[in-house]
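Geometric and topological summary
Listed below, chain by chain, are the residues.
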Amino acid sequence: MEVQRLDRFIASQLSEISRSAARELIRRGEVSVNGAAERSPEKKISPEADEITLFGKPVGYKKHLYIMLNKPSGVVCSTRDGLSETVLNLLPEGLRRKGLFPAGRLDKDTVGFVLITDDGELAHRILSPKSHVEKTYFVKLRDPCPPSVIDVFSGGMTLDGERLLPARLEILGERECRLTLREGKYHQIKRMFSSFENEVVYLKRTSIAGVELDPDLFEGQARELTAEEVSALETR
Ligand code: URA
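Residues numbered from 1 in each chain as written. Predicted model: local features only at pLDDT ≥ 70, side-chain atom pairs only at ≥ 80, totals over all residues. Heavy atoms only, no water.

Okay, the layout of surface pockets next. The space that makes up the largest pocket amounts to roughly 600 Å³. If you go around the largest pocket, you meet 31 residues; those closest to its centre are Gly-104, Arg-105, Leu-106, Gly-184 and Lys-185. Counting only elements with at least two residues in the lining of the largest pocket, the list comes to helix 3 (120-127), strand 10 (135-141), helix 5 (188-194) and strand 15 (200-208). Here the element with the most residues in the lining of the largest pocket is helix 5; it accounts for three residues. The residues that make up the lining of the largest pocket include at least three from each of domain 2 (67-128 + 219-236) and domain 3 (134-208). Put simply, the second largest pocket is a space of about 270 Å³. Ranked by residue count, the leading element in the lining of the second largest pocket is helix 1 (residues 6-13), at four residues. Looking at the lining of the second largest pocket residue by residue, the classes come out as two nonpolar, four polar and eight charged. Both domain 1 (4-58) and domain 2 (67-128 + 219-236) contribute no fewer than three residues apiece to the lining of the second largest pocket. (1 Å grid on protein atoms, 1.4 Å probe; cavity = no way out; pocket = protein on both sides within 12 Å on 5 of 7 lines; lining within 4 Å. Points joined across faces, edges and corners; volume = space filled by probe spheres on them. Helix = DSSP H or I, 4+ residues; strand = E, 2+ residues; numbered from the N terminus. Domains from an automatic or database assignment. Nonpolar A, V, L, I, M, F, W, Y, C, P; charged D, E, K, R; others polar.)

Set out below in structure tokens:
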């Protein structure tokens with residue numbers, strides 16, 4: 001079973017508390033382990049077996065966080081950006097934690113589902129070009145999309161000399177469609193349509209590996225994934 005220092009545990013579970021603040025709180029006797037105040041920050045605890053409280057309230061243990069964010073336009077998918085707001089800045093206090101990062105990138109003007117986690121292994125499996133995880137997008141186009149494009153996309157088109165994996169295109173309206181990709185190349189959807197002299201005027205990611213963006217999340221809002229959603233991502 002995993003063991004770790006008490007100060008590290010407190011700081012890792014509560015984003016607003018730095019390691020040095022955790023040490024101070026422990027020395028002041030504000031932290032208890034299994035009902036008894038523990039004043040040594042270096043005390044080894046088992047996050048799974050021990051009950052830790054701060055100010056008398058349990059510090060719930062989560063090894064990893066998995067967050068669904070409905071990304072608005074104008075925000076970048078990175079952990080830091082000197083100029084623009086990042087997806088991490090949008091997270092509410094209760095969903096902040098050190099080590100979080102967006103698992104995959106959407107363009108600054110693309111909206112919709114961004115997965116934010118601190119689970120590097122799961123992120124790697126979702127992002128690895130070898131895993132071919134399906135991602136679905138709702139697309140609005142400047143011009144109507146002829147049905148012949150469906151076969152071109154599903155046949156695995158060539159884009160700037162590079163062969164793409166087959167993509168599933170469903171035409172929803174004159175200028176609206178749903179596109180499912182199993183890879184994520186730079187500006188891929190915009191480039192796919194621009195090769196037909198068309199232009200993407202609105203792009204929204206609606207699902208990742210079969211997990212749908214929650215329709216109750218407004219742009220800019222986030223929530224934790226349910227256990228079922230996490231296992232859908234893990235087992236895909
Ligand atoms: N394809 C794009 O062109 N942009 C995105 O953000 C995602 C897919």
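Close contacts around the ligand come from Leu-106, Asp-107, Thr-110, Tyr-137, His-187, Gln-188, Ile-189, Lys-190 and Leu-203, and that covers them all. A distance of 2.7 Å is found between a nitrogen atom of the ligand and a side-chain nitrogen or oxygen belonging to Asp-107. Measuring from a nitrogen atom of the ligand, one finds a backbone N or O atom of Ile-189 at 3.1 Å. Protein chains shield 95% of the accessible area of the ligand, which is 240 Å² for the free molecule. Because more than half of its atoms lie within 2 Å of the grid, the ligand is assigned to the largest pocket. The greatest single-element share of the shell around the ligand, amounting to three residues, is contributed by helix 5. When grouped by side-chain class, the residues that make up the shell around the ligand number four nonpolar, three polar and two charged. When residues of the shell around the ligand are assigned to domains, at least three map to each of domain 2 (67-128 + 219-236) and domain 3 (134-208). (Near = heavy atom within 4 Å. Polar contact = N/O pair within 3.5 Å; in protein donor to acceptor, adjacent residues only side chain to side chain. Areas by Shrake-Rupley, 256 points an atom, 1.4 Å probe, with all protein chains shown as cover. Sits in = over half its atoms within 2 Å of the grid points.)

With that out of the way, let us pick up the pattern of salt bridges. This structure, assessed with the given rule, holds 18 salt bridges. Residue Asp-160 pairs with Arg-191 through a salt bridge whose shortest N-O separation is 2.9 Å. In this pair, Asp-160 is assigned in the loop between strand 11 (158-159) and strand 12 (162-163) and Arg-191 in helix 5, connecting sequence segments 31 residues apart. Judged by its relative accessible area of 67%, Asp-160 falls in the exposed class. Of the charged contacts, one joins Arg-175 and Glu-174 as a salt bridge, the two residues approaching to 2.9 Å between their closest N and O atoms. Salt bridges linked by common partners bring Arg-5, Asp-7, Arg-19 and Arg-23 together as one network. (Salt bridge = Lys/Arg side-chain N within 4 Å of Asp/Glu carboxyl O. Buried < 20%, exposed > 50% of the residue type's maximum accessible area, 1.4 Å probe, protein only.)

The next thing to look at is the environment of Ile-45. Residue position: Ile-45 is located in strand 4 (residues 44-45). Sequence-distant contacts of Ile-45, that is, excluding residues within four places in its chain, are made with Glu-2, Val-3, Gln-4, Leu-6, Phe-9, Val-33, Asp-50 and Ile-52. (Contact = heavy atoms within 4.5 Å.)

This paragraph deals with the nonpolar core. Ranked by size, the top nonpolar core spans 34 residues in total, and within it Ile-116, Val-139, Phe-153, Leu-179, Ile-189, Met-192 and Phe-193 carry the most contacts. There are two domains that each give this core at least three residues, and those are domain 2 (67-128 + 219-236) and domain 3 (134-208). Setting aside chain neighbours within four positions, we find Met-192 in contact with Phe-153, Met-157, Leu-159, Leu-164, Ala-167, Leu-179 and Leu-181. Core analysis: the next-biggest nonpolar cluster, separate from the first, contains 17 residues, Ala-103, Ala-123, Val-133 and Leu-225 among them. (Core = buried A, V, L, I, M, F, W, Y, C linked by side-chain atoms within 4.5 Å.)

Buried residues of helix 6 (residues 227-235): Glu-229, Val-230 and Leu-233, and no others. Projection of helix 6 onto a plane perpendicular to its axis shows the buried side chains occupying an angular sector of 100°, all on one side. Summarising the geometry of helix 6, the exposed residues directed more than 90 degrees from the buried face are Ala-227, Glu-228 and Thr-235. Packing partners of the buried residues in helix 6 comprise strand 7 (66-71), strand 9 (111-117), helix 3, strand 15, strand 16 (211-212) and strand 17 (222-224). (Arc of directions from axis to C-beta.)

The next point concerns the domain arrangement of the protein chain. Domains assigned within the protein chain are domain 1 (4-58), domain 2 (67-128 + 219-236) and domain 3 (134-208). On a C-alpha basis, the centres of domain 1 and domain 3 stand 50 Å from each other.

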